[in-house]
Amino acid sequence: MDHLFLLVWQALLVSVFFAFLWRSTAKGRRNLFLRTFIIMVVGSVLLGWLMYPFP
Amino acid sequence: MTADNSKTDKAGPNEAEARPKAPPALLFVAWLIPGAGHWILGKKLRAGVFAAVIVAAFITGVLLDGELGAPEPGNPFSWLATFACLGNGVLYFVRMIWINGFGGLLGGIPFGLAGGGNPAAAGFAYGNTFLYTAGLMNLLTVLDVSDIARGEKS
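The present account deals with the structure reproduced in this document. (Residues numbered from 1 in each chain as written. Chains lettered and ligands numbered in written order. Predicted model: local features only at pLDDT ≥ 70, side-chain atom pairs only at ≥ 80, totals over all residues.)

**Some remarks on the overall build of chain A**
This is how the line gets drawn: Strands are runs of DSSP state E lasting at least 2 residues, helices are runs of H or I lasting at least 4, and numbering of each runs from the N terminus. Neighbour counting defines burial: a residue surrounded by 20 or more other C-beta atoms within 10 Å of its own C-beta is buried, one with 12 or fewer is exposed, and intermediate counts give partly exposed, using backbone-placed C-beta atoms.
Scanning chain A from N- to C-terminus turns up two helices and zero strands. The principal-axis extents of the C-alpha atoms in chain A amount to approximately 45 × 20 × 10 Å. Evaluated residue by residue, chain A yields a buried proportion of 11% over its 55 residues.

Below, the structure is given as structure tokens:
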């Protein structure tokens, strides 16, 4: 099981969901999708690295 | 915020009464079948996307050996997990019948239900997360259907 794949898969599903829930235009949906997807994936990886020194 | 703004933010009793209410049957169907509420309201693209996303998240959770929430005495967090998972509507009941059998489902309410899953599996916690997320997303679609039906959103 690839943890990173599961992270990306979860971020993808949630980002698509909120893009269609909160925006009604194609451009708005694309922008919100990209923003939330990148924030979730990159933010999670960064948080993981920040937690790395701690036991 | 000024006093004038606070006056305009709050609707008076007459305005609140004048607001249309979403049909309970529509909200029930929207909860029971992911995407159905939007489909009935003519929002077919959104219906398809919501249904696909929620079903995909639910199936991922099951494949990762996640456990559906079921109430346990003395464990208040199990009620929160049950609430989140019940949000999946018919998917929850199909999975519960799969695990407990139809007789077990009826006989096990409220405290005898097994939620399936395998706590020793590597994907157990991930699976739980996917199952909770799917249920909570479906509950958000019910609120969205309510907004659309009341004319507060297009």
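Having put the structure on the table, let's press on.
**Here's the deal with the overall build of chain B**
What counts is decided by this rule: What counts as a contact is two residues whose backbone-derived C-beta atoms lie within 7 Å of each other.
In terms of helices and strands, chain B carries eight helices and zero strands. Starting at the N terminus and ending at the C terminus, chain B contains elements arranged as α-α-α-α-α-α-α-α. Looking at chain B as a whole, 37% of its 154 residues are labelled buried. Of the contacts formed within chain B by residues at least 6 apart in sequence, a portion of 70% connects residues at least 24 apart.

**Concerning unusual backbone geometry**
We note that D65(B) has phi near 65 degrees; this positive angle belongs to a residue other than glycine. Secondary-structure assignment places D65(B) in the loop between helix 5 (44-63) and helix 6 (76-86).

**Overview of the interface of chain A and chain B**
How we decide: Under the scheme applied here, ten amino acids are nonpolar (Ala, Val, Leu, Ile, Met, Phe, Trp, Tyr, Cys and Pro), four are charged (Asp, Glu, Lys and Arg), and all others, including Gly, are polar.
Between chain A and chain B, the contact holds eleven residues from the first and 16 residues from the second. A class-by-class count of the residues in the side of chain A that touches chain B yields nine nonpolar, two polar and no charged.

**So, the packing of helix 3 (residues 24-32) of chain B against helix 8 (residues 124-149) of chain B**
Residue and element names in this part refer to chain B. Going by this rule: Each axis is a line fitted through C-alpha atoms, taken for helices only over the stretch in contact, and angles between the N-to-C directions span 0 to 180 degrees. Oblique is the label for every angle not falling under 35 degrees (roughly parallel), over 145 degrees (roughly antiparallel), or within 65 to 115 degrees (roughly perpendicular). Working rule for handedness: look at the near helix, and if it is turned counterclockwise from the far one by less than a right angle, call the crossing left-handed; if clockwise, right-handed.
With their axes 9 Å apart at the nearest point, helix 3 and helix 8 run at an angle of 150 degrees to one another. With respect to their mutual orientation, helix 3 and helix 8 come out roughly antiparallel. Pair helix 3 / helix 8 crosses with right-handed handedness. Contact residues: L26, L27, A30 and W31 in helix 3; N138, T141, V142, V145, S146 and A149 in helix 8. Of the residues in the contact of helix 3 with helix 8, the class split is seven nonpolar, three polar and no charged.

**Digging into helix 1 (residues 3-22) of chain A**
Inclusion rule: Between the first and last residue of a helix there are one fewer steps than residues, each counted as 1.5 Å, and that sum is the expected span.
Look at helix 1 of chain A: 28 Å from first C-alpha to last across 20 residues, which is about the 28 Å you get at 1.5 Å a residue. Buried residues belonging to helix 1 of chain A abut helix 2 (26-51) of chain A together with helix 5 and helix 8 of chain B.

**Describing the packing of helix 1 of chain A against helix 5 of chain B**
The contact between helix 1 of chain A and helix 5 of chain B brings their axes to 10 Å, and the two run at 155 degrees. Judged on the interaxial angle alone, helix 5 of chain B and helix 1 of chain A are roughly antiparallel. For helix 1 of chain A against helix 5 of chain B, the interelement crossing comes out left-handed. Of helix 5 of chain B, the residues touching helix 1 of chain A (which contributes W9(A), L13(A), V16(A), F17(A) and F20(A)) are R46(B), V49(B), F50(B), V53(B), A56(B), A57(B) and T60(B). For the contact of helix 1 of chain A with helix 5 of chain B, the residue count by class is ten nonpolar, one polar and one charged.

**Here we look at the environment of M51(A)**
As for its position among the elements, M51(A) is in helix 2. For the pair formed by M51(A) and R29(A), sequence separation is 22 residues and the distance between their alpha carbons is 32 Å.

**A short note on the environment of L7(A)**
All names here are of chain A. The topology assignment puts L7 in helix 1. A count of 16 C-beta atoms within 10 Å places L7 in the partly exposed class. Linking L7 and R30, residues 23 residues apart in sequence, is a C-alpha distance of 20 Å. Among residues more than four places away in sequence, those in contact with L7 are V41 and S44.

**Description of the environment of V142(B)**
All names here are of chain B. Structurally, V142 can be placed in helix 8. Measuring from C-alpha to C-alpha, the distance between V142 and A36 comes to 9.7 Å, with 106 residues separating the pair along the chain. Residues within four places of V142 in sequence aside, it is in contact with L27, A30, W31 and G37.

Shape descriptors only; they carry no functional weight alone.
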